[in-house]
Amino acid sequence: MPGAIYAEGLVKTFGDVRALDGVDLDVPEGTVLGLLGPNGAGKTTTVRCLTTLLRPDRGSAVVAGIDVLKHPDAVRRSIGLSGQFAAVDEYLTGRENLQMVGQLYQMKAKAAKVRAAELLEQFHLADAADRPAKTYSGGMRRRLDLAAALVVSPPVMFMDEPTTGLDPRNRQQLWEVIKQLVSGGTTLLLTTQYLEEADHLAHDIAVVDHGRVIARGTSDELKARTGGERVEVVVHEREHIATASEVLSAFGRGQGEVAVEEHMRKLTVPVTGGAKLLAEVIRELDTRGIEIDDIGLRRPTLDDVFLSLTGHVAEVKDEENGAASAKQGGEQDTKQSGKDTVK
Amino acid sequence: MSAVTDAAPAVASTNPFSQLIRDSLVVAKRNLIRMSRIPEMVIFGLIQPIMFVVLFAYVFGGSMNIAGSTDSSTYREFLMAGIFAQTVTFATAGAGAGIADDMHKGLIDRFRSLPMARGAVLTGRTLADLVQTALTLFVLAVVALLVGWRTHTNIGEVLGAFGLLLLAGYAFTWIGALIGLSVRTPEAATSGGLIWLFPVTFVSNAFVDSSRMTPWLRHIADWNPFSATVQACRVLFGNPGVSPSDAWPMQHPVWASAIYSVLIILIFRTLAVRKYRSDTA
Ligand SMILES: Nc1ncnc2c1ncn2[C@@H]1O[C@H](COP(=O)(O)OP(=O)(O)OP(=O)(O)O)[C@@H](O)[C@H]1O
Ligand SMILES: [Mg+2]
């Protein structure tokens, strides 16, 4: 029995560009699938095919038990969509936008009004509710667009990069909203550039590249595939790199090589042994008189998964990402910047 | 989750026609709110025909020979039917630009993903433009009365003329809708909505006496749908310059205008709604 969102062999070409090259997906009811992938991978095209906005050249899709190609109208009654770019009417107020969407979901005018007020409250837009949306900030528009997708709490939701452009507080709040939705039984397909977000929200993750799903699994499964934990050290003096490398290779797991980034004075080595081992490394370096700027135990993040699978960088990323702390455990540093939205 | 069904799932049995009306009104309301928040658009839409009235009436007024008279007040009465008709055709550009703008901003995607009647986005837009056209006609009629335009028939005929003008304007907005869906930017929709209107409105009986055109041009003018509306207005207003041509649309202008408008609506509405749906699953 297929899940709430099911796709098989979706193909879509635009001229020479093969945007989708056989996408398969299966999202069980009441779960969240995180769709990850570099720019141009085909995430948006997948969402558009599943939400009846685009007709795939080949393949089939079933959403909420309804065949998308055969009964698009019925599918539209069962889905909510928040696209990659906020689709709100700039000249309407937030309230008017939501009321309109409610009525077009075939709600009665009065019910649409009540629902709009609730959503404005929930998305912290009540103060701006009666201002035209063109006076909203980017993040406020984004929230209005998300609210529009939630007007009827449809059984299946699609969100294309829902938190791009939101500040951390609003992102957190949206996550809460999403968790609430899902605990109520909603099935969600979410695309994101923020790996932390997928880690946080998604039960399953599918990594897309060049129009295909190249990996799928839970976040832990994907991380396990990428390899275990590592120690990263930044030494203070460039001359110490060689010695430090010697020290680290002694602690290295298996035939794990010490990776050196000369200009950063950073060394990385795969290890097993966790915090205890980290303490030993620190003692040993100290004994040898190597001054260190930073040291950390790093577990693979989804960033690593992403990089190793696609050979791309998920987003503008900098070197200090990850190693900059001696924080223990599966903490992931995330950089929420640099995703450029081209309008 | 139930198994995939091949049969269309049961839905609340809303009559598709009443849903179309309801959804169209929701969209029309949205467009009217928009228009009220961009009053400069409405105002420019008003200024243009008023400028035409003043320019034609005072600049050309004395130099035209209409129905054997070079009296400038005769020309003003002759002129107004043409200006009224030309004004309603300009709604084409507004509708086209509005729809192109919605596409550009992704709003059409939002609408396409909603369980609404397929034709409602375009119908709502054209209805809103109809309201704007009515407002423009009203203001224009007041200005025309001020510069000396008069009707010489009964109120029923005068209202009939305005009815035909609104119908023609509504028909043209469907052409605009199709243009708006076919171009990439609102700017292109504006110019694409306007340029072809110039030959259509000038190769007609609107501003000159078409009986004095070269025969082939006159033929085009006589069968031009736009001429039929102008002729119908002159007849229903009792204004001078009714073309004596024996071409069918000139002999039966009221019918001709109504039939032309309905045909344009049927053809362009079908094409536009199909285009709106195309590409979507
Ligand atoms: N309408 C279109 N016409 C032509 N090419 C298109 C069209 N839409 C998408 N593409 C192409 O299809 C490919 C996939 O695009 P898509 O928008 O699905 O990527 P994405 O994964 O959403 O990327 P991003 O992270 O940048 O949003 C890209 O190469 C894009 O250029
Ligand atoms: Mg995208």
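Note that residues are indexed from 1 along each chain, following the sequence as it is written. Chain letters and ligand numbers both follow the written order, the letters beginning at A and the numbers at 1. Where totals are concerned, whole chains, interfaces and linings use all residues; where local detail is concerned, this predicted model gives features only for residues with pLDDT of at least 70, and gives and counts side-chain atom pairs only at 80 or more. For the side-chain quantities, the full set of heavy atoms in the structure was used; hydrogens and water were omitted.

Under an unreviewed UniProt entry, the name given to chain B is Transport permease protein, and the organism recorded is Streptomyces lacrimifluminis. UniProt positions are given in the numbering used here, feature names are shortened, and annotations may be inferred rather than shown by experiment. Recorded under Sequence similarities (unreviewed entry), the UniProt text for chain B is reproduced unchanged: "Belongs to the ABC-2 integral membrane protein family."

For chain A, an unreviewed UniProt entry supplies the name ABC-type xenobiotic transporter and the organism Streptomyces lacrimifluminis. Quoted straight from UniProt, the Sequence similarities (unreviewed entry) entry for chain A says "Belongs to the ABC transporter superfamily. Drug exporter-1 (DrugE1) (TC 3.A.1.105) family." Under the heading Subcellular location (unreviewed entry), UniProt records this for chain A: "Cell membrane".

1. Considering the pairing of strand S11 (residues 230–235) of chain A
All names here are of chain A. Working definition: with a 1.4 Å probe on protein chains only, accessible area under 20% of the residue-type maximum means buried, over 50% means exposed, and in between means partly exposed. Elements are defined by DSSP. Helices are runs of H or I of four residues or more, strands are runs of E of two residues or more, and each kind is numbered from the N terminus. Among the six residues of S11, five are classified as buried, and the element is accordingly described as predominantly covered. Two strands pair when backbone bridges link them, and S11 and strand S13 (residues 266–270) are joined in this way by five bridges, in the antiparallel orientation. Within S13, the residue paired with valine 231 across the bridge is valine 269. As paired strands, S11 and strand S14 (residues 292–298) are joined by six bridges and run antiparallel to one another. By the bridge assignment for S14, valine 235 is matched with isoleucine 292. Paired strands, in this sense, are two strands between which DSSP finds at least two bridges.

2. Digging into the side chain of A:Gln99
Tracing the chain through its elements places A:Gln99 in helix H3 (residues 94–104). What makes A:Gln99 buried here is its relative accessible area of 14%.

3. Quick word on the site of ligand 1
Residue and element names in this part refer to chain A. Of all residues adjacent to ligand 1, which total 15 residues, the nearest are Gly40, Lys43, Thr44, Thr45 and Gln84. Here an oxygen atom of ligand 1 and a backbone polar atom of alanine 41 are 3.1 Å apart. Relative to its unbound accessible surface of 630 Å², ligand 1 loses 63% to contact with the protein. Within the residue set of the shell around ligand 1, elements represented by two or more residues are strand S2 (17–27) and helix H1 (43–50). Looking at the shell around ligand 1 residue by residue, the classes come out as five nonpolar, seven polar and three charged. Near is defined per residue: the residue qualifies when any heavy atom it owns lies within 4 Å of the molecule or strand. Whenever a nitrogen or oxygen atom comes within 3.5 Å of another N or O atom, the pair is scored as a polar contact, on the condition that within protein one atom can donate a hydrogen and the other can accept it, and that pairs from neighbouring residues in sequence are kept only if both atoms are in side chains. Accessible areas in this description were obtained via Shrake-Rupley with a 1.4 Å probe; residue shielding takes into account the shown protein chains only. Classification used: nonpolar for Ala, Val, Leu, Ile, Met, Phe, Trp, Tyr, Cys and Pro, charged for Asp, Glu, Lys and Arg, polar for all others including Gly.

4. A look at the packing of helix H9 (residues 241–251) of chain A against helix H10 (residues 274–287) of chain A
All names here are of chain A. To get an axis, fit a line to the C-alpha atoms, keeping to the stretch in contact for a helix; angles then go from 0 to 180 degrees between the N-to-C directions. Two elements in contact, H9 and H10, have axes whose closest approach is 10 Å; the angle formed by their N-to-C orientations is 150 degrees. One element, H9, and the other, H10, form an angle in the roughly antiparallel class. Between H9 and H10 lies a crossing whose hand is right-handed. Contacts from Ala244, Val247, Leu248 and Phe251 in H9 reach Leu277, Glu280, Val281, Glu284 and Leu285 in H10. Per-class residue counts for the contact of H9 with H10 are seven nonpolar, no polar and two charged. Angles are sorted into four bins: roughly parallel if under 35 degrees, roughly antiparallel if over 145, roughly perpendicular if 65 to 115, and oblique for all others. Take the far helix as the reference: if the near one is turned anticlockwise from it by less than a right angle, the crossing is left-handed, and if turned clockwise, right-handed. Should any heavy atoms of two residues lie within 4.5 Å, those residues are counted as being in contact.

5. Some thoughts on unusual backbone geometry
Residues and elements named next belong to chain A. At glutamine 106, a residue that is not glycine, the phi angle is positive and equals roughly 70 degrees. Along the polypeptide, glutamine 106 turns up in the loop between H3 and helix H4 (109–122). Even without being a glycine, histidine 210 presents a positive backbone phi close to 50 degrees. Mapped onto the elements of the fold, histidine 210 is located in the loop between strand S9 (204–209) and strand S10 (212–217).

6. Comments concerning the packing of helix H6 (residues 120–146) of chain B against helix H7 (residues 155–182) of chain B
Residue and element names in this part refer to chain B. H7 packs onto H6 with a crossing angle of 135 degrees between their chain directions and a minimal axis gap of 9 Å. Here H7 runs oblique to H6, going by the angle between their axes. The chirality of how H6 crosses H7 is right-handed. Every residue of H7 that contacts H6 at Leu122, Thr123, Thr126, Leu127, Asp129, Leu130, Thr133, Ala134, Leu137 and Ala141 is listed here: Phe162, Leu165, Leu166, Tyr170, Thr173, Trp174, Ala177 and Leu181. In terms of residue class, the contact of H6 with H7 is built from 13 nonpolar, four polar and one charged.

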